[in-house]
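For reference, the chains in residue letters:
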Amino acid sequence: MGTITFIEHDGTEHNVAIDAGSSLMQTAMDNLIPGIDADCGGECACGTCHVIVSKEWFAGTGNANEDETQMLDMTPEREDTSRLACQIEITEAMDGMVIRLPEFQM
Amino acid sequence: MSIANDIISEIVAKTSVVVPVDMQIKAAHLLEKTKSKVGLATASPEFIETPLPDVAMLPIDKVDVSNPFLWRQGLWGSYFKRLRDERPVHFQAHSPFGPFWSITRYEDIQFVDKHHELFSAQPIISIGDQPSGLEIETFIAMDPPKHDRQRAAVQGVVAPKNLKEMEGLIRQRAQEVLDDLPVDKPFDWVQDVSIELTARMLATLLDFPYEERHKLVYWSDVAAASPEATGGAVMRDELFPAAPAAAKALSTLWREKEARLAAGEEPGFDLVSLMLNSDETRDLIKRPMEFLGTFVLLIVGGNDTTRNSMTGGVLALNQFPQEFEKLKADPKLIPNMVSEIIRWQTPLAYMRRIAKQDVQLNGQTIKKGDKVVMWYASGNRDERKIENPDQFIIDRKGARNHLAFGFGVHRCMGNRLAEMQLRILWEELLERFDAIEVIGEPECVQSNFVRGYSKMMVQLTRKA
């Protein structure tokens, strides 16, 4: 079974098993990854599951729609490959994907 | 009426570049007085308190949750429960604030809040309209894209990185306030702790003269409590003199900061510095109602909310004493408790929207142009979403998933600051005191918007 790696802002790594069909936010919550708050429960409405996808994996996570872009715009730590984890659906193809967490969630 | 308002707008637009902000507001007040003398102005409503009926006695169409005494009389819980169960999207055709829809369940509120393309935040977010002649413009009541640009200009002040810088200062101020409190004799928690701490914080955020910080509190209280907007008790003759005083002090603050920056002073992390550094807001002072509106938003946003959560937390722990024992046994629960306090108190009851098109919601058709009120206070007690919602549980699972900060583009900008202030307050309280006993019943404010306390007597017991 494949894994996804979350790297906290301080460098701590967490490997979690791929749970295809679940959202990246839900997987992070299920595995108690620190640094993701998910205040709205996955509705793309709060911006507190902000993650930074590693460059080589960014295209594979799909495109952010207008709602997501709007929420990301409110985040001061936004980077080129920023996404909201609740809007990324996990697939088996994401084996080895690396996700960095920002220092704070807004 | 609308012709007169057009005249005001025209005068304001023509004179805004040369006439100081406060003079313009005084002129608007004069015009309002003239209008009311010749019978052109709508009278300011005055709300007289009478005991409200048990909600079970009312036909569902007669239930009016805009009544500003519902909170004070402790009836809001039963009124909203009836709506959630029986008519979750409810139409009240004859309120003193005109007809409006109430959205009372968690999921529906989240839907409305998210869909700014269906529901506009303009022109204002209170149930009633703004007092005539004082229609401020503020980005909480603007739609994208203008909203996005204005918010982006100021949100840096409460960005987490900035807060990290401020944490030490906030803690120091909390310590000063708590160390001065009387022990073993009753005092008013609202005045001596909640108001004092929020005033100090506001002065810091604005870089406002520290010794004049209580003016910020006063202006905020007045701005949020007009009878026409929220059913409050502040009448026009108090509101109108307060507005130019605020405008004058804030424009002086702005001009002085501008001059210091021009002379080469390093910009600070305060709001005025940030706004003077953004293209979107640099010339804000030339747009007086927007200038005043932005400051009112930032001051009100940081005032009633945190203040009443500081009071509400103490009250909740008195009503659920086993939770206080739990807290003392495990202070690591503080961050989770802070979210639970904010849910339980929900210091701002709602935000208002206007439907931009017909929308079907939970079996009702909301018509284009209708007023829609998202009752966060009700959604945060929705049994369908939250288990035992009336219980205050400091280690509640999913405590962060509350509605009190709103969702979508208007989500509270100061949420992290609020959480940090409350966390620090509780950390410092636990260091010092073994008991915080509420004496008697707290006094609640008159409003359909602010779920606040005007007085709550407490007595502290020092930690052994």
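These numbers were taken from a predicted model, which means no experiment stands behind them.

Take the overall build of chain B next. When its secondary structure is counted, chain B shows 17 helices and 10 strands. The C-alpha atoms of chain B give a radius of gyration of 22 Å, which matches the 23 Å a tight globule of 464 residues would have. On the principal axes, the C-alpha backbone points of chain B span a range of 65 × 60 × 40 Å. Expressed as a percentage of its 464 residues, the buried residues of chain B come to 49%. Across chain B, contacts joining residues at least 24 apart in sequence account for 71% of those joining residues at least 6 apart.

This part takes up the interface of chain A and chain B. In this complex, chain A contributes 14 residues to the contact, which on the side of chain B involves 16 residues. Broken down by class, the residue content of the side of chain A that touches chain B amounts to 7 nonpolar, 2 polar and 5 charged.

Attention now moves to helix α10 (residues 236–262) of chain B. Residues and elements named next belong to chain B. Between its terminal C-alpha atoms α10 stretches 38 Å, which fits the 39 Å expected from 27 residues at 1.5 Å a residue. For α10, the set of buried residues is R236, L239, F240, A243, P244, A246, A247, L250 and K257. Phi turns positive, to about 105°, at G264, one or two residues after α10.

Right, let's talk about unusual backbone geometry for a bit. Cis geometry marks the peptide bond from Q122(B) to P123(B); its omega dihedral reads 0°. Of note, P123(B) is situated in the loop between β3 (119–120) and α5 (146–154). For the bond running from P144(B) to P145(B), omega is 5°, close enough to zero to count as cis. For P145(B), the location among the structural elements is in the loop between β3 and α5. Non-glycine residue L32(A) carries a positive phi angle of around 50°. Following the sequence through the fold, L32(A) ends up in the loop between α1 (24–30) and β3 (50–53). Overall, the presence of 9 C-beta atoms within 10 Å leaves L32(A) in the exposed class.

It is worth spelling out the nonpolar core at this point. I103(B), Y350(B), V372(B), V373(B), M374(B), W375(B) and Y376(B) are the most contacted members of the largest nonpolar core, which has 123 residues in total. If you look at the next biggest cluster of nonpolar residues, it comprises 27 residues, including C40(A), V51(A), I99(A) and F407(B).

Attention now goes to the pairing of strand β2 (residues 13–17) of chain A. Residues and elements named next belong to chain A. Here β2 lies mainly on the outside; 0 of its 5 residues are buried. In this sheet, β2 lies alongside strand β1 (residues 3–7) in antiparallel orientation, the contact comprising 5 bridges. Opposite I4, over in β2, you have V16 as the bridge partner. Turn length for the β1-β2 hairpin, with the two strands adjacent in sequence and antiparallel, is 5 residues, and the turn residue G11 shows positive phi of about 100°.

To continue, consider the sheet that holds β2(A). Residue and element names in this part refer to chain A. Sheet architecture is open: 5 strands sit in the order β2-β1-β5-β3-β4, paired in mixed fashion. Edge positions in the sheet fall to β2 and β4 (82–84), since each of these pairs with one other strand and no more. The sheet shows a mean angle of 35° between the axes of neighbouring strands, taken without regard to direction. Here β3 pairs with β4 via 3 bridges, running antiparallel. The residue of β4 that forms the bridge with I52 is S82.

Quick look at the environment of P244(B) now. The residue P244(B) is located in helix α10 in this model. Excluding anything up to four places from it in sequence, P244(B) contacts D22(B), I25(B) and K26(B).

Another aspect to go through is the sheet that holds strand β4 (residues 187–188) of chain B. Residues and elements named next belong to chain B. A sheet is described by the order of its strands in space; here 3 strands give the open sequence β4-β10-β9, paired in antiparallel fashion. Each having just a single partner strand, β4 and β9 (433–444) make up the two edges of the open sheet. With 2 bridges joining them, β4 and strand β10 (residues 453–462) adopt antiparallel strand pairing. Note that in β10 the partner of F187 across the bridge is V458. Against the sheet, helix α7 (residues 189–206) contacts β4 and β10, and its axis sits at roughly 95° relative to β10.

Right, let's get into helix α17 (residues 415–432) of chain B. Here α17(B) spans 26 Å end to end across 18 residues, near enough to the 26 Å set by a 1.5 Å rise per residue. For α17(B), the set of buried residues is N415(B), L417(B), A418(B), E419(B), M420(B), Q421(B), L422(B), I424(B), L425(B), W426(B) and L429(B).

All names here are of chain B. Tracing the backbone through its elements, the reader meets K215 in helix α8 (residues 213–223). By C-beta crowding, K215 is classed as buried, having 20 other C-beta atoms within 10 Å. Measuring from C-alpha to C-alpha, the distance between K215 and I386 comes to 39 Å, with 171 residues separating the pair along the chain.

All names here are of chain B. The contact between α7 and α8 brings their axes to 8 Å, and the two run at 105°. By the criterion of interaxial angle, the relationship of α7 to α8 is roughly perpendicular. Here I195, A199, R200, L202 and A203 of α7 lie close against α8, whose contacting residues are R213, H214, L216 and V217. Residue composition of the contact of α7 with α8, grouped by class: 6 nonpolar, 1 polar and 2 charged.

Residues and elements named next belong to chain B. Per-residue confidence for chain B averages 90 on the pLDDT scale, and 93% of its residues sit at or above 70. Taken together, the stretch residues 7–18 has pLDDT below 50 and engages in 13 contacts with residues farther than four places along the chain or on a different chain. The complex prediction reports pTM at 0.91, with the ipTM value standing at 0.92.

What counts as what
Residues numbered from 1 in each chain as written. Chains lettered and ligands numbered in written order. Predicted model: local features only at pLDDT ≥ 70, side-chain atom pairs only at ≥ 80, totals over all residues. Helix = DSSP H or I, 4+ residues; strand = E, 2+ residues; numbered from the N terminus. Rg over C-alpha atoms; globule rule 2.2 N^0.38 Å. Buried ≥ 20, exposed ≤ 12 C-beta atoms within 10 Å, placed from the backbone. Contact = placed C-beta atoms within 7 Å. Nonpolar A, V, L, I, M, F, W, Y, C, P; charged D, E, K, R; others polar. Expected span 1.5 Å × (residues − 1). Core = buried A, V, L, I, M, F, W, Y, C linked by C-beta atoms within 7 Å. Pairing = 2+ DSSP bridges. Axes fitted to C-alpha atoms, helices over the stretch in contact; angles between N-to-C directions. Parallel < 35°, antiparallel > 145°, perpendicular 65-115°, else oblique. pLDDT = per-residue confidence, 0-100.

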